Amino acid sequence: QRSGDDETERELAQVRERLAQVEQQLVARNRDVGTASEARVIALHLAPQSRGIGQIPTIVVSSGADLVALTLDLEAAGFPAYEAALKNPATGQVIWRTGRIKSSGKSNAIRVSFRAALLNPQNYVLDLSGISSNGDAENVGSYVFRVVKK
């Protein structure tokens, strides 16, 4: 049963990774094509949450938005892969999760994208984990942002 669970977990990770790749390709295609008939993407660059009091970055999501693309600055680079989980901070519920995201090696940032329809007007936390070569996950940053619907 344990080997079956491990296999199911690997398959689920592969599906999540493929979904993340397709979303990234859609963002790249829309950036290249740039026509009004294509998907509308909202982009935001986020730094990890600090202990100091500061303004929470805000994303304004219009009714026609298709994707949200986030660029996450890394405090702890050097992992071969990363995973991100979008959470509702009030409940701790995971709303969306990436598959494994490969690091580009030279960049100190990771890019993730997800459907804008997942978001409601509230605050969110995106937790980023670094995945070591032996598969262990280590929390490397939390990114807080607010969503406002337009």
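It should be noted that the structure appears before, not after, this text.
Reference entry: report on the structure contained in this document. (Residues numbered from 1 in each chain as written. Predicted model: local features only at pLDDT ≥ 70, side-chain atom pairs only at ≥ 80, totals over all residues. Heavy atoms only, no water.)

The next subject is the nonpolar core. Leu70, Val112, Phe114, Leu126 and Phe145 are the most contacted members of the largest nonpolar core, which totals 29 residues. Those elements that place two or more of their residues in this core are β1 (41-46), β2 (58-61), β3 (67-73), β4 (81-87), β7 (109-115), β8 (123-131) and β9 (137-149). Among the elements that take part in this core, β9 stands out by supplying four residues, more than any other. (Core = buried A, V, L, I, M, F, W, Y, C linked by side-chain atoms within 4.5 Å. Buried < 20%, exposed > 50% of the residue type's maximum accessible area, 1.4 Å probe, protein only. Helix = DSSP H or I, 4+ residues; strand = E, 2+ residues; numbered from the N terminus.)

Here the focus is the sheet that holds β7. Read from one edge to the other, the open sheet built from three strands follows the order β1-β3-β7, with strand pairing classed as mixed. Because the sheet does not close on itself, it has two edges, and the strands there are β1 and β7. Going from strand to strand, the sheet's axes swing by 15° on average, the running direction of each strand aside. (Pairing = 2+ DSSP bridges. Axes fitted to C-alpha atoms, helices over the stretch in contact; angles between N-to-C directions.)

Time to look at the pattern of salt bridges. Per the stated rule, a full pass over the model turns up two salt bridges. Linking Arg100 and Glu83 is a salt bridge whose minimum nitrogen-to-oxygen distance equals 3.3 Å. Of this pair, Arg100 sits in the loop between β5 (94-97) and β6 (101-102) while Glu83 sits in strand β4, placing them 17 residues apart in sequence. Residue Lys87 is joined to Asp127 by a salt bridge in which the shortest nitrogen-to-oxygen separation is 3.0 Å. Taken as a pair, Lys87 in strand β4 and Asp127 in strand β8 lie far apart in primary sequence, 40 residues in all. Assessed through its relative accessible area of 25%, Lys87 is described here as partly exposed. (Salt bridge = Lys/Arg side-chain N within 4 Å of Asp/Glu carboxyl O.)

Time to look at the pairing of β4. Burial runs high along β4: five of the seven residues are buried. In this sheet, β6 lies alongside β4 in antiparallel orientation, the contact comprising two bridges. By the bridge assignment for β6, Tyr82 is matched with Ile101. In this structure, β4 lies alongside β8, joined through seven bridges in antiparallel fashion. Paired with Leu86 across the strands is Leu126, a residue of β8. Sheet analysis places β4 next to β5, joined by three bridges and oriented antiparallel. Looking at β5, one finds that Ala85 is bridged to Arg97. Linkage of β4 to β5, two consecutive antiparallel strands, is achieved through a turn of six residues, within which Gly92 is found at a positive phi near 80°.

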